Amino acid sequence: MLRELMLAAIIALPAGAQAAKPVRTMTLTDLQCEYQQNPLGLDVHKPRLGWKLVSTRRDERQSAYHVVVASDEAKLLAGKGDLWDSGKVASDESVHVVYAGAPLKSRQRVWWRVRVWDDRGADSGWSAPATWEMGLLDRSDWRAKWIGRANVEDHKIAGPCPYLRKGFEAAKPIAQARIYASALGVYQLFLNGKRVSDDVFRPGWTDYRKRIQYQTYDVTALLHQGANAIGMTVGDGWYCGHIAWAGRNCYGPVPQGLAELRIDYKDGTSETIVSDETWKESAGPILMSDMLEGEDYDARKEMTGWSAPGFDDSAWHSAEAQPIGDVPLVAQYDQPVRRTGLLHPITVSEKPQGSYIFDLGQNMVGWARLKVSGQAGQQVRIRYAEVLNPDGTIYTTNLRKARATDNYTLSGKGEEVYEPSFTFHGFRYVELTGYPGTPGKDAVEGVVAHTDAPHTNDFECSSPMVNQIQHNIVWGQKGNYLEVPTDCPQRDERLGWMGDAQIFVRTGAFNMNIARFMTKWTRDMEDAQSHEGGYSDVSPRMADPADGAPAWADAGMIVPWTIYLHYGDKRILETHYDSMKRYIGFIDSANPDHRWIHRSSHNFGDWLSIHANTPPDVLATAYFAYSTWIMQQTARVLGREDDTNKYRDLYMSIWDAFNQHYVDADGKITGDTQTCYVLPLAFGLLNEKRQAQAVEHLARNLEQHEWLLSTGFVGTGYLLPILSRYGRTDVAYRLLNNDRFPSWGYEIKNGATTIWERWDGWTTEKGFQDPGMNSFNHYAFGAVGEWMYHTVAGIDIDPEHPGFKHIVMRPQPGGGLSWAKDTYHSLYGPIISNWKLVSGRFEWAVAVPPNTTATVYVPTSDASSVTEGGKPAAHAEGVRFAGHESGFAVYKIGSGHYTFSAAEPAHAAAN
Ligand code: BGC
């Protein structure tokens, strides 16, 4: 409307008059640098910038941008881009604009702003200023040493966590202060008695022999002129505590901390306080702390004021200091783990042995916060479990060797509140033993912790059970996206299993913005890659050296590719390009007949499938083809023509080998399982005739299984998308809605609040599965989420315009659903699809963010019935009819809010 008014105004200008400037209809918000607002401590030499457009107009597009980067705010506001002035660049890029200015130095802070023009030439005006700050870019910037306890007798046993401190004077008025810190272990930092940040388990988990992360904190507000003190506690963490079944000391013997406090004074001078032998060390209340075992804490040993100035540390020892060494110290790229929520018990029950069990109502990851009063020396034991035994006691057998217990000894000083510092547990139930008196419900709270990646997806529909599936997916993701994507959070495992991660990543990338998380983890994958080129089964690699497992190792290809598709992030492909090529070479060189037979020794097959056995070589060869296809696409996207051709040829050879060896004349695939059909269909390994045959075989197989799935981790991820892609959305809905065993619904009927590791984790007939491997919080089967978002709600990626620059909106109603809605928060802004079936019509509200476009597929049997905003859709503002496609009327739209309405599609009832 606005556009029409403006056009009318322009046309009405008297001849000779100057054309009026087009009216400004947009502003800029949410300036981002490397996916963050005003980040500190970057070590990315050419950071990428992005912004969001907010507009009142339909079809708002950016036609040009102008970025200015200055060395201080005054220069920026005066329009002096002394570091970079891009000038007006004709471009529709508003995410991942690469900084192309002067090289940046360690600790350098810069100010930037941007303005953009739309397609009519109207500009947005300058954005508000934003900043970023570099971290320590060179090893020579570091003067700190690793410090810890001297004379540790036996590092094979978990000992008390070292408390480290140093008092110092800040002689002059302070302008700003930063701490750069890390640990071999996990640390907490304090300044003048206060925690420096809420981050948990820093510096995070990497292969500490190859790369150690450091963090940067702005501590200006915690320091003052005069006497100050800095304190640090360090737990064993992944560095020297237990990992999985590998025992302790996977990376080193004892925990150590590293800190460098840089104070800039107002007079322009500066001073640096570094961790070294002048620090003091003492044991304290944390008697031992371990990720798998839990924590023992004696509150009687607390040392009030230990990290504040004036504390008497004369009884403390000098810290032992070690040189910084030569393992690269890199800035943390991903979000830290943080406390993200608090759960309150729904019931408390007393057990005969004097213990109490609290039910938090949700399988979660984190720890219990204990509230207790009693006498000094009384001890409360806190145990954790995901499920209960039939007699109501906690079921801990599936935790295997993980002790998963915290022990708290009271100080006796009134009400005491305790949370462990350096451990986490996966649980729904908390058992207290030894609690003085009778605990009220408020004696325990569940502190939820995970990598704090932003939540980006709100899916909901008319089926409470499907909503519970979504709930279970999200909670499984929260609990298992903790520092690295893990298989499970509770037993003695919690590893970065690659197969689980790759099958879930497409779902995970909808639910949270995981670009930073996966950017970090793909580096772990490359660190874990073998000399021969195989990606490891788990990343970070642990003691077990296995690599090259089909569908597991392939995460090294699939994860970067998915991050590229979801966020339009080419850099992740560039970064790992050579590593990805080495991986393809690793398989190719050992398998001259193009079936993946050799170098696939750890072939887990279609892990945890049920009543089906997919031949390992069929699965492996399909993945060899898929990874080669990704390599070819990656080469194409990065403009590497030779490689594009080379990998296309290789893909075709694998294609031939697959068809020759595994597909018979009737299109039957060796093994004849659901997964046997789903994988080649998903990876484009069949010609048209064979596709049709494969779909028939798949449907036959499902029918033989009474319309129940038999797929494991690998097949489940593709099953519903493939059914929909080949016209069997009806069957896909049937599987989703099912609550017979095995299904998501069956788990829910039996109380699941997260996705289970195994379809038969618990069954009415058999009770618990083998406790040797039975987690109730494994996200792999949650991979069904992506189908719910792109096929039920209808929000999907266009691989040719990744990152939702162009959006495919194609909901397929069915399964008895009367409505579904989803808001996905893309880098450009929210994408909304919200449909309902009302009185024979499909009513659909759509929103597309500025600077993106969408193709919308309105599901209807009668294209002439489609309206938008009450008008025939083909005449609506900003809506262009693009044709018919089996059961859909197709339109092209630009940004804005739209309301489509059409005669209900015939297939809504059939699906
Ligand atoms: C893990 C998995 C993993 C698998 C490999 C299990 O112990 O929990 O999720 O992918 O091993 O086979």
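Relevant structure appears above.
Residues numbered from 1 in each chain as written. Predicted model: local features only at pLDDT ≥ 70, side-chain atom pairs only at ≥ 80, totals over all residues. Heavy atoms only, no water.

Caption draft 1: Representation of the sheet that holds strand β49 (residues 896-903) within the structure. A sheet is described by the order of its strands in space; here seven strands give the open sequence β34-β41-β42-β43-β49-β45-β46, paired in antiparallel fashion. This sheet does not close on itself; its edge strands, each paired only once, are β34 (457-461) and β46 (871-872). Of the pairings in the sheet, the one linking strand β45 (residues 867-868) to β46 comprises two bridges and is antiparallel in character. By the bridge assignment, E868 is partnered in β46 with K871. (Pairing = 2+ DSSP bridges. Helix = DSSP H or I, 4+ residues; strand = E, 2+ residues; numbered from the N terminus.)

Caption draft 2: The arrangement of the sheet that holds strand β44 (residues 853-859) in detail. As summarised here, the arrangement of the five strands in space is β39-β40-β44-β48-β47, forming an open sheet in which the pairing is mixed. Edge strands, defined here as strands with exactly one partner in the open sheet, are β39 (796-797) and β47 (879-885). As judged from the six bridges shared by β47 and strand β48 (residues 888-893), these two strands associate in the antiparallel manner. Bridge pairing in β48 links H884 to A889.

Caption draft 3: View of the environment of T575. Tracing the backbone through its elements, the reader meets T575 in helix α8 (residues 571-588). Overall, T575 belongs to the partly exposed group, its relative accessible area being 45%. Residues T575 and C240 lie 335 residues apart in sequence; the distance between their C-alpha atoms is 30 Å. A polar atom in the side chain of T575 sits 2.7 Å from the backbone oxygen of R571. (Buried < 20%, exposed > 50% of the residue type's maximum accessible area, 1.4 Å probe, protein only. Polar contact = N/O pair within 3.5 Å; in protein donor to acceptor, adjacent residues only side chain to side chain.)

Caption draft 4: Representation of the pairing of strand β12 (residues 186-191) in the model. Within β12, six of the six residues are buried, which leaves it mostly tucked inside the rest of the structure. Neither face of β12 is left uncovered, since the one carrying V186, Q188 and F190 and the one carrying Y187, L189 and L191 both have all their residues buried. Note: β12 against strand β15 (residues 226-235), six bridges, orientation antiparallel. Bridge pairing in β15 links F190 to G231. Sheet topology places β12 next to strand β13 (residues 194-195); two bridges connect them, and they run antiparallel. Looking at β13, one finds that F190 is bridged to R195. Counted between consecutive antiparallel strands, the loop separating β12 from β13 contains two residues, among which N192 sits at a positive phi close to 50 degrees.

Caption draft 5: Looking closely at the pattern of salt bridges. Scanning the model with the defined rule gives 59 salt bridges in all. Note that R178 is salt-bridged to E133, the shortest N-O span being 2.7 Å. In this pair, R178 is assigned in strand β11 (residues 174-184) and E133 in strand β8 (residues 130-133), connecting sequence segments 45 residues apart. Neither residue differs from the other here; R178 and E133 are each classed as buried. The shortest N-O distance in the salt bridge between D313 and R165 comes to 2.8 Å. (Salt bridge = Lys/Arg side-chain N within 4 Å of Asp/Glu carboxyl O.)

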